[in-house]
Amino acid sequence: ETANGSFPDTAVETMASIVANAELVNNFYAIFAFIRDFTPKPFSTKESAASSAAQACIDGHADLVIVLSKSADSANLVCKYRPNAPVLVVSADEKIVRWSSSQFAQYGLVMDVKDASLEEFKKSGALDQALAHARSLKLIGDKCKGVVLVAEQSEKDLIVSHVRVVGRLSHGQVNSRRLERLLEEGCDSPVAPPLAHQDGFDPPHLAHCLSCLPEDSVVRVAQPPAGGL
């Protein structure tokens, strides 16, 4: 209904920008914990690995999740736990790729990776091709700092691997250091006092908020109260 009218393209573009802006301040730690806590236990082996992949993405501040899939279930299970990065589904089956492309946060890529292990995927150059495809879709920038790889070995098993670019600080490390410095230097500013003063202060969430800002930006937090944070 919102998109009805004389300018549906402008309406949809505006709605998309609102959603993208709102997602910048998602507390992925809290969302992951909520979904995991309310999922019936015990987990299947596959779901346990999928939740671990999502948590690795969140904790490692990865830029992308790549799922080598023989079925649509694997990527759906990973997305269920709301990782903080888009999911690129790589499969030799065009049906799976088409299905994945219709799902939220999933992007499909047809590639002959049937029965390929994670090591074969990385050494054969397929990983570089997948990253190039992700860049062409603007899912990641030129400097991808970390990728979580998930390979479906069978109907019941997934294997998870975290690939990180060597030679520079990860985004998570940069933000953690900035956060430590900010909390040590604390000074009055209207930029982030609500985050600093609210009950249940969450440093990882603040670190994620910092990740949405340019590296050269100047950010300050309010002076902590007398009793500490």
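Residues numbered from 1 in each chain as written. Predicted model: local features only at pLDDT ≥ 70, side-chain atom pairs only at ≥ 80, totals over all residues. Heavy atoms only, no water.

A. How the structure looks around the overall build of the protein. Across its full length, the protein carries ten helices and five strands. For the protein, the proportion of its 229 residues judged to be buried stands at 41%. Taking all contacts inside the protein whose residues are at least 6 apart in sequence as the whole, residues at least 24 apart take part in 59%. Of the roughly 13,200 Å² that the protein leaves accessible, carbon and sulfur atoms contribute 54%. (Helix = DSSP H or I, 4+ residues; strand = E, 2+ residues; numbered from the N terminus. Buried < 20%, exposed > 50% of the residue type's maximum accessible area, 1.4 Å probe, protein only. Contact = heavy atoms within 4.5 Å. Areas by Shrake-Rupley, 256 points an atom, 1.4 Å probe, with all protein chains shown as cover.)

B. Seen up close, the confidence of the model for the protein. Mean pLDDT over the protein: 75, with 68% of residues reaching 70 or higher. Below pLDDT 50 for its whole length, residues 165-180 participates in 25 contacts with residues either more than four positions away or in separate chains. In this model, residues 186-201 is a region of pLDDT below 50 whose contacts with residues beyond four sequence positions or in other chains number 29 contacts. (pLDDT = per-residue confidence, 0-100.)

C. A look at the nonpolar core. In terms of nonpolar packing, the biggest core is built from 21 residues, with Leu64, Ile66, Leu88, Val90, Phe121 and Leu131 touching the most fellow members. Of all the secondary-structure elements, those providing two or more residues to this core are β1 (64-68), β2 (87-91), α6 (118-123), α7 (126-136) and β4 (146-152). The element best represented in this core is α7, accounting for five residues. Not counting chain neighbours up to four residues away, the residues in contact with Ile66 comprise Leu88, Val90, Phe121, Leu127, Ala130, Leu131, Val147, Val148, Leu149 and Val150. Listed in part, the 18 residues of the second largest apolar core include Ala49, Ala62, Val67 and Val148. (Core = buried A, V, L, I, M, F, W, Y, C linked by side-chain atoms within 4.5 Å.)

D. The arrangement of the packing of aromatic side chains in detail. A full pass over the atoms with the stated rule returns three aromatic pairs. A ring pair is formed by Phe32 and Tyr81, whose centres lie 5.8 Å apart and whose planes are at 55°; its orientation type is tilted. With Phe32 in helix α2 (residues 28-37) and Tyr81 in the loop between α4 (73-80) and β2, the pair connects residues that are 49 residues apart, well separated along the chain. The pair formed by Phe32 and Tyr81 is uniform in burial state, with each residue classed as buried. Linked through ring pairs, Phe32, Phe43 and Tyr81 together constitute an aromatic cluster. (Phe/Tyr/Trp six-rings, centres within 6.5 Å; stacked < 30°, edge-to-face > 60°.)

E. Examining the pattern of salt bridges more closely. The final tally for this structure, using the stated rule, is four salt bridges. Where Glu47 meets Lys80, a salt bridge forms, and the shortest distance between an N and an O atom there is 2.6 Å. Here Glu47 is found in helix α3 (residues 45-60), whereas its partner Lys80 is found in helix α4, with 33 residues between them in sequence. Here Glu94 makes a salt bridge to Arg98, at a shortest N to O gap of 3.8 Å. Residue Glu94 and its partner Arg98 are located together in helix α5 (residues 94-101), separated by four residues, close to a single helical turn. (Salt bridge = Lys/Arg side-chain N within 4 Å of Asp/Glu carboxyl O.)

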